[in-house]
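Analysis of the macromolecular model
Okay, here's what each chain looks like letter by letter:
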Amino acid sequence: MKTRTHRCGDLRVEHVGQTVTVCGWVDTKRDRGGVAFILLRDVAGKVQLTFAEEINPELLAATKEVRHEFVITATGKVRERDAENKTTTMASGDIEIAVESFEILNTAVTPAIEVRDDLKCDSELRLKHRFIDLRRRPMQAMLQARAKLLECARETLGGEGFLEVETPVLYKRTPEGARDFIVPSRAHRGQFYALPQSPQLFKQLCMISGLDRYYQVARCFRDEDKRADRQPEFTQIDIEMSFPTRDDVMELFEKVVGNVFKGIREDARFKDQSWPVLSGSEVSPPFERMSYEQAMRDYSIDRPDLRSRDLKLTDLTGWAAGCSFNAFKGVAEKQGLVKALRCPGLVDGFSTGQLKNLERDAKGMGATGLANLKVTDAGLEGGIAKFIPEVEQKAMIDGVGAKPGDLLLICAHEKHKIVHAVMHNMRLLIAEKLGLHDNSKFAICWIIDFPLFEYREEDEKLFASHHPFTLPQDVARVREMAEISRKGGEPHPVARMLRGGVKIEEILALRNNQYDLVINGIEIAGGSIRMHRTDDQADVFELVGIGKEEADKKFGFLMSALDHGAPPHGGIASGVDRLLMLLLGLDNIQDVIAFPKSATGRDLMIDTPNDVEPALLDELGVKMIPKPEK
RNA sequence: GGGGGUGUAGCUCAAUUGGUUAGAGCGUCGGCCUGUCACGCCGAAGGUUGCGGGUUCGAGUCCCGUCACCCUCGCCA
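Residues numbered from 1 in each chain as written. Chains lettered and ligands numbered in written order. Predicted model: local features only at pLDDT ≥ 70, side-chain atom pairs only at ≥ 80, totals over all residues. Heavy atoms only, no water.

Bringing empty space enclosed by the protein into the picture now. Here the structure, examined in full by the defined rule, presents one cavity of 30 Å³ or more. Taken as a whole, the largest cavity encloses approximately 30 Å³ of empty space. Surrounding the largest cavity, L127, R130, F595, P596, D603 and M605 form its lining. Split by residue class, the lining of the largest cavity holds four nonpolar, no polar and two charged. (1 Å grid on protein atoms, 1.4 Å probe; cavity = no way out; pocket = protein on both sides within 12 Å on 5 of 7 lines; lining within 4 Å. Points joined across faces, edges and corners; volume = space filled by probe spheres on them. Nonpolar A, V, L, I, M, F, W, Y, C, P; charged D, E, K, R; others polar.)

Shown next, in the form of C-alpha cells:
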C-alpha cells in the first residue's frame with residue numbers, strides 16, 4: 001500500500017499536475033462504458049477518480065468489482081476538469097484524479113443505511129449501525145463541532161488559570177436526587193460503588209485542597225427515564241473557583257459561551273453547514289439577568305424562552321377573588337392561582353376541536369379545565385363569558401391588556417404548580433404558532449435569586465431547591481431559623497419553626513446564590529456559590545431535616561473538609577450535549593453524541609445492558625430475582 | 001410507572017377500510033453506454049406484513065398479549 005499524500009476533500013486546482021495518492025471509501029460509482037468515475041470519500045470530503053478505456057483499459061475493467069463503501073487507495077495525476085465538466089456540488093469539483101493505479105484495501109457488504117447527507121430513516125437503524133451513520137457528513141461535522149466546543153472551553157478556562165482535574169467514576173451512592181447506577185464490588189462482596197450524578201463534591205474538595213480553579217469535562221450518570229434531551233450518561237463542563245463573587249462565576253462562564261460561539265463560527269470546516277450557530281443572532285456578554293420571581297410571574301417557568309419575551313402571562317388571582325365565576329373565585333379563595341395568557345390576534349386561531357384538544361392537554365397535566373375567551377369589540381365571548389358580568393369582563397380585559405381579536409386562555413387551580421405547568425406549555429404552543437421561536441435567534445439570560453427551599457406539603461418537608469450546599473443569601477436569618485428548629489419539639493423542622501414564630505412565607509422567601517444560564521428556554525448551565533463554613537452548612541442541613549448524624553454519615557468527608565480551612569468557593573456546570581443541540585438546531589440529544597443510547601437506555605449497536613454469567617453474580621454476591629408476574 | 005404514535009422488500013412508503021398472486025421509488029444483482037456527478041437505458045432477484053395467540057369461509061387490515069423504536073406526563077436535589 002502506498003503512502004497517502006493528500007486527503008480526498010483537500011484537493012483543489014492548486015494541486016493540478018501533481019501525482020497524488022488518496023485513500024477512502026467508495027461513495028458512488030458511475031460507469032459510462034468507455035469511461036468510469038468513482039467518487040472517493042474521506043473525512044475531508046470527496047474527490048472524483050476518473051478511469052478511461054483509451055488511457056488504460058485494464059484499469060477500467062478492474063473497476064468492475066468495486067462497490068459502494070469499498071475501501072480503496074488510488075494514485076494518479078490531478079488534472080483540471082474541462083469547463084463543462086466542472087461541478088459545484090463538491091469543493092473539489094474543479095479537478096479530478098486521472099487514476100494510474102488503484103488497490104482495493106477492503107470490500108464491504110451493502111450497508112443497511114445509506115451513507116448520504118439527507119438520510120431519512122428510523123433512529124433505531126441509525127443506532128444499530130452507528131459506525132455507518134457516523135460516516136455521513138452531517139454526523140462528522142457534528143463531532144467536529146463538539147470537539148471544537150470543548151476545545152474552546154478548555155482554551156478559555158486554561159487561559160484563566162483553571163486546572164483540569166479528573167475525579168472518580170467509581171463513586172458513592174447519594175440518597176438524594178436522581179437514581180444512581182450502582183456497580184457491585186468483587187473485592188468487597190455485598191458492597192457497591194455508584195456512578196456519579198455529577199462531580200459536585202469532588203470539585204468542592206478540589207477548592208479545599210487549594211487548587212484555586214478547577215474544571216473538568218465530566219461524564220455524569222443518572223438512572224432516570226430518558227427524554228429527547230436526556231441520556232443516562234451525559235457530559236458536563238464542570239467548573240469551580242475559589243474566592244469568587246457570584247458575578248465572577250457568571251462573567252467567567254459568559255466568556256466561555258462567547259468563545260464557544262465564536263470558535264465554531266470562525267471554523268472554516270463548518271462553512272457549508274446550516275446550523276443556527278453559524279447564521280444566528282449575535283451573543284454578546286454581559287447576558288441579561290432575570291429573577292426567578294419575575295420568570296415565574298411572566299412565564300410560569302424558571303427557564304423562560306425569551307425569543308417570545310413579549311408573550312407574557314398575567315396573574316388574575318386578585319381579579320378572580322372578586323369575580324362572579326365560582327370556579328375561579330373558589331380557587332382564589334383557597335390560595336390557589338389563576339393565570340391568563342393573551343394570544344394576540346388568535347381569536348380565530350383555533351377551531352372548537354383544537355381548543356378542546358388544548359383543554360385535554362391541560363387536563364393531562366392535572367388541570368381541572370382550560371377556559372378560553374374570545375375578545376371582541378363587544379367584550380368577551382365563548383365558554384364561560386356568560387358567567388362574567390360586563391364590569392368584571394372589562395376589568396379582566398384591562399388586566400391582561402387584551403384587544404379585540406385576541407384569544408385568552410385561562411387556567412385556575414389550587415395547586416400553583418399545575419397552573420404554572422399548564423400555562424408554560426400553552427405559552428410555548430402559542431409562541432410556536434405565532435412563529436416566534438425561530439431557532440436562529442438566541443435569547444440568552446441568567447436566572448438568579450432562586451428560592452433557597454422548596455416546600456413539600458405531603459410530609460411538611462423542606463428541600464434545597466438547587467442542592468443543599470448552596471449558600472443562602474441571608475446566612476444570618478437561616479442561622480436564626482436553624483436555632484429555633486434545634487430547640488426540638490415537633491418532629492419536623494418546619495413545624496418547629498412555625499411554632500417558633502417563623503412564617504412559612506418567610507421561609508419560602510429566602511433566596512440562594514444560584515444562577516442558571518438559559519438559552520431559548522433550555523437550561524444550559526447552572527451553578528452556585530457554596531457554603532464554605534461548617535456552621536452554615538449545618539444550619540441548612542438542619543432545616544432540610546438532615547440531622548448531624550445523618551450529615552456525618554452521608555457527607556462526613558465534606559463536613560470534615562470544610563472544617564479544615566475551606567475557602568469561599570463556587571462554580572457552575574454546563575450540559576455539553578444540550579448546548580450543542582442548541583447550536584446545531586437539533587432537537588434530539590442522540591444526534592449530538594457519537595454513540596448514544598436509545599430512549600430506553602439501550603445501546604442498540606453493542607446490545608447492552610445484557611445478561612452476565614451466573615458465576616459472576618455469585619462472585620459478586622448478587623442474586624438475580626425474576627421479574628414478578630403482573 | 002401512566003398516556004400516545006410507529007412497526008409491510010436492504011431503505012422510504014402504498015395496499016380502494018376484511019376479499020384473487022402484497023405494490024412503487026430508491027438500493028442490490030446482471031447487461032448496455034466514452035464525461036458522469038441523485039448519470040441514463042434494458043432486465044432480474046428480493047416478503048414468516050416485528051413476534052405470539054384469537055375472531056372469521058377469508059386478516060397486512062379487527063381483537064388480546066408481547067417486543068422494539070419515537071414522543072409525552074410522572075421522574076431527573
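Further remarks concern the nonpolar core. Counting 80 residues, the largest nonpolar core has L149, I239, F253, W446, F453, L517 and L583 as the members making the most contacts within it. Filtering out sequence-adjacent residues up to four positions away, F453 remains in contact with L462, F463, A464, S465, I507, L508, L510, V540, L543 and V544. The next biggest cluster of nonpolar side chains, apart from the first, holds 24 residues, and it includes A320, F325, V331 and A412. (Core = buried A, V, L, I, M, F, W, Y, C linked by side-chain atoms within 4.5 Å. Buried < 20%, exposed > 50% of the residue type's maximum accessible area, 1.4 Å probe, protein only. Contact = heavy atoms within 4.5 Å.)

Spatial strand order, β1-β2-β3-β5-β4: five strands in a closed barrel with mixed pairing. Averaged over neighbouring strand pairs, the angle between their axes works out to 55 degrees when direction is ignored. Bridge count for strand β1 (residues 19-31) against strand β2 (residues 35-42) is six bridges, and the pairing is antiparallel. Across the sheet, R30 pairs through a bridge with F37, a residue of β2. (Pairing = 2+ DSSP bridges. Helix = DSSP H or I, 4+ residues; strand = E, 2+ residues; numbered from the N terminus. Axes fitted to C-alpha atoms, helices over the stretch in contact; angles between N-to-C directions.)

Here the domain parsing of chain A yields domain 1 (8-106) and domain 2 (312-435). Once you take the C-alpha centre of each, domain 1 and domain 2 turn out to be 65 Å apart. (Domains from an automatic or database assignment.)

Right, let's talk about the confidence of the model for chain A for a bit. When the pLDDT values of chain A are averaged, the result is 92; 99% of them are 70 or greater. Strand β6 (residues 163-164) holds the highest mean pLDDT among the elements of chain A, 98, whereas helix α11 (residues 352-364) holds the lowest, 80. In the predicted complex, the global pTM is 0.93; the interface-specific ipTM is 0.92. (pLDDT = per-residue confidence, 0-100.)

A separate point is the environment of L562. Its location among the elements puts L562 in helix α18 (residues 548-562). Note on L562: relative accessible area 5%, which makes it buried. Residues L562 and L205 lie 357 residues apart in sequence; the distance between their C-alpha atoms is 8.6 Å. Ignoring sequence-local partners within four residues, the contact set of L562 consists of I208, M531, H532, R533, T534 and Q537.

This part takes up the side chain of S485. The topology assignment puts S485 in helix α14 (residues 475-486). Polar contacts involving the side chain of S485 include one to the side chain of E542, which spans 2.6 Å. Contacts of S485, omitting those with residues within four sequence positions, involve P493, R496, M497, E542 and L543. (Polar contact = N/O pair within 3.5 Å; in protein donor to acceptor, adjacent residues only side chain to side chain.)

To continue, consider the protein's contact with RNA strand B. Around RNA strand B, a shell composed of 46 residues is seen, among which R30, H68, N85, E96 and H466 lie nearest. The share of sugar and phosphate among atoms of RNA strand B within 4 Å of the protein is 57%. Between RNA strand B and R67 there is a distance of 2.8 Å, counted from a phosphate oxygen to a side-chain nitrogen or oxygen. Within the side chain of N588, one N or O atom sits 2.8 Å away from a phosphate oxygen of RNA strand B. Residue assignment for the surface near RNA strand B shows that the elements contributing at least two residues are β1, β2 and α2 (123-128). Considering every element that reaches the surface near RNA strand B, the biggest residue donor is α2, with three residues. Across the surface near RNA strand B, the residue classes break down as eleven nonpolar, 17 polar and 18 charged. (Near = heavy atom within 4 Å.)

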